[in-house]
Number of protein chains: 2
Amino acid sequence: MGRIVVEIMPKPEILDPQGKAVGGALRHLGLTGFADVRQGKRFVLTVDGEVGETSLADARRAAETVLSNPIIEDVVAVYDADAR
Amino acid sequence: MGRIVVEIMPKPEILDPQGKAVGGALRHLGLTGFADVRQGKRFVLTVDGEVGETSLADARRAAETVLSNPIIEDVVAVYDADAR
């Protein structure tokens, strides 16, 4: 069974209130070294058999249609988890 | 400015209703090649200056205390975004 990872982050120009809240919590705990925190999503899609060009293309389509909201999010990466 | 990525996924033995719902949506759209979908989180922490051992250690501590819930989630990776 292969695994494809899809990484999605809020677009740089979009406010990220979740990330801001996490950044505040870190400072509160004394972890003051982080100037900014952004929170995105990471999906692992399991494929029957090996990851090939077809399943990667399907995963890219999934990333752009279902897994992300293209108005506010960027698909950062789509890759075969076992090839890294 | 350096950037540290923190990747968090639900533990394998934990049910992931969000992932299941996404998997159902993909099948509904005709993307039937994915046997399973798991949804996790991806954080990007911005560091003043370069990423060093201290900021990576702080990010690991943040990952284990604030960014993840260790009962139901695993910290999959903590790495310097510019070193990959």
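Just above sits the structure.
Residues numbered from 1 in each chain as written. Chains lettered and ligands numbered in written order. Predicted model: local features only at pLDDT ≥ 70, side-chain atom pairs only at ≥ 80, totals over all residues. Heavy atoms only, no water.

Participant: Got a sec to walk through the interface of chain A and chain B? Specific residues and values, please.
Facilitator: Taken together, the contact between chain A and chain B spans 34 residues of the former and 34 residues of the latter. Summed over both sides, the interface between chain A and chain B buries roughly 2,800 Å², with carbon and sulfur atoms accounting for 65% of that surface. The three residues of chain A that bury the most area against chain B are Leu31(A), Phe34(A) and Arg42(A), which together make up 22% of that side's buried surface. Applying the counting rule to chain A against chain B returns two salt bridges. Of the charged contacts in the structure, one is a salt bridge between Glu7(A) and Arg42(B), with a shortest N-O distance of 3.3 Å. Between the two partners, chain A and chain B, sit ten residue pairs in polar contact (both at pLDDT 80 or more). Of all the secondary structure elements, the ones that give two or more residues to the side of chain A that touches chain B are strand S1 (2-10), helix H1 (17-28), strand S2 (34-47), helix H2 (53-67) and strand S3 (73-80) of chain A. Tallying contributions element by element places S2(A) first for the side of chain A that touches chain B, with 14 residues. Sheet topology note: the S2(A)/strand S2 (residues 34-47) of chain B ladder contains 13 bridges and is antiparallel. (Contact = heavy atoms within 4.5 Å. Buried area = accessible area lost by both parts, 1.4 Å probe. Salt bridge = Lys/Arg side-chain N within 4 Å of Asp/Glu carboxyl O. Polar contact = N/O pair within 3.5 Å; in protein donor to acceptor, adjacent residues only side chain to side chain. Helix = DSSP H or I, 4+ residues; strand = E, 2+ residues; numbered from the N terminus. Pairing = 2+ DSSP bridges.)

Participant: How would you summarise the pairing of S1(A) if you had to cite specific residues and measurements?
Facilitator: All names here are of chain A. Counting buried positions along S1 yields eight of nine residues, so the element is predominantly enclosed. Examined bridge by bridge, S1 and S2 share seven bridges and lie antiparallel to one another. Bridge assignment links Ile-8 to a residue of S2, and that residue is Lys-41. In this structure, S1 lies alongside S3, joined through seven bridges in antiparallel fashion. Bridged to Val-5 within S3 is Tyr-79. (Buried < 20%, exposed > 50% of the residue type's maximum accessible area, 1.4 Å probe, protein only.)

Participant: Outline the side chain of Glu73(B), listing residues and values.
Facilitator: Residue and element names in this part refer to chain B. Mapped onto the elements of the fold, Glu-73 is located in strand S3 (residues 73-80). Overall, the relative accessible area of 15% leaves Glu-73 in the buried class. Here Asn-69 takes part through its backbone nitrogen, which lies 2.7 Å from a polar atom of the side chain of Glu-73. Sequence-distant contacts of Glu-73, that is, excluding residues within four places in its chain, are made with Ile-8, Met-9, Pro-10, Lys-11, Lys-41, Leu-67 and Ser-68.

Participant: Lay out the pattern of salt bridges with the relevant residues and their values.
Facilitator: Residues and elements named next belong to chain A. Under the counting rule described, the total for this entry stands at ten salt bridges over all chains. Between Asp-74 and Lys-11 there is a salt bridge whose closest N-O contact spans 2.9 Å. Highlighted residues: Asp-74 in strand S3 and Lys-11 in the loop between S1 and H1, separated in sequence by 63 residues. For Lys-11, a relative accessible area of 17% translates into the label buried.

Participant: Would you mind going over the environment of Lys41(A) in detail, with residue names and values included?
Facilitator: Its place among the elements puts Lys41(A) in strand S2. Since its relative accessible area comes to 23%, Lys41(A) is described here as partly exposed. Along the chain, Lys41(A) and Val6(A) lie 35 residues apart, while their C-alpha atoms are 8.2 Å from each other. Leave out the neighbours within four places in its chain, and Lys41(A) touches Val6(A), Glu7(A), Ile8(A), Leu67(A), Glu73(A), Gln39(B), Gly40(B), Lys41(B) and Arg42(B). A polar contact is formed between the side chain of Lys41(A) and the backbone oxygen of Leu67(A), at a distance of 3.2 Å.

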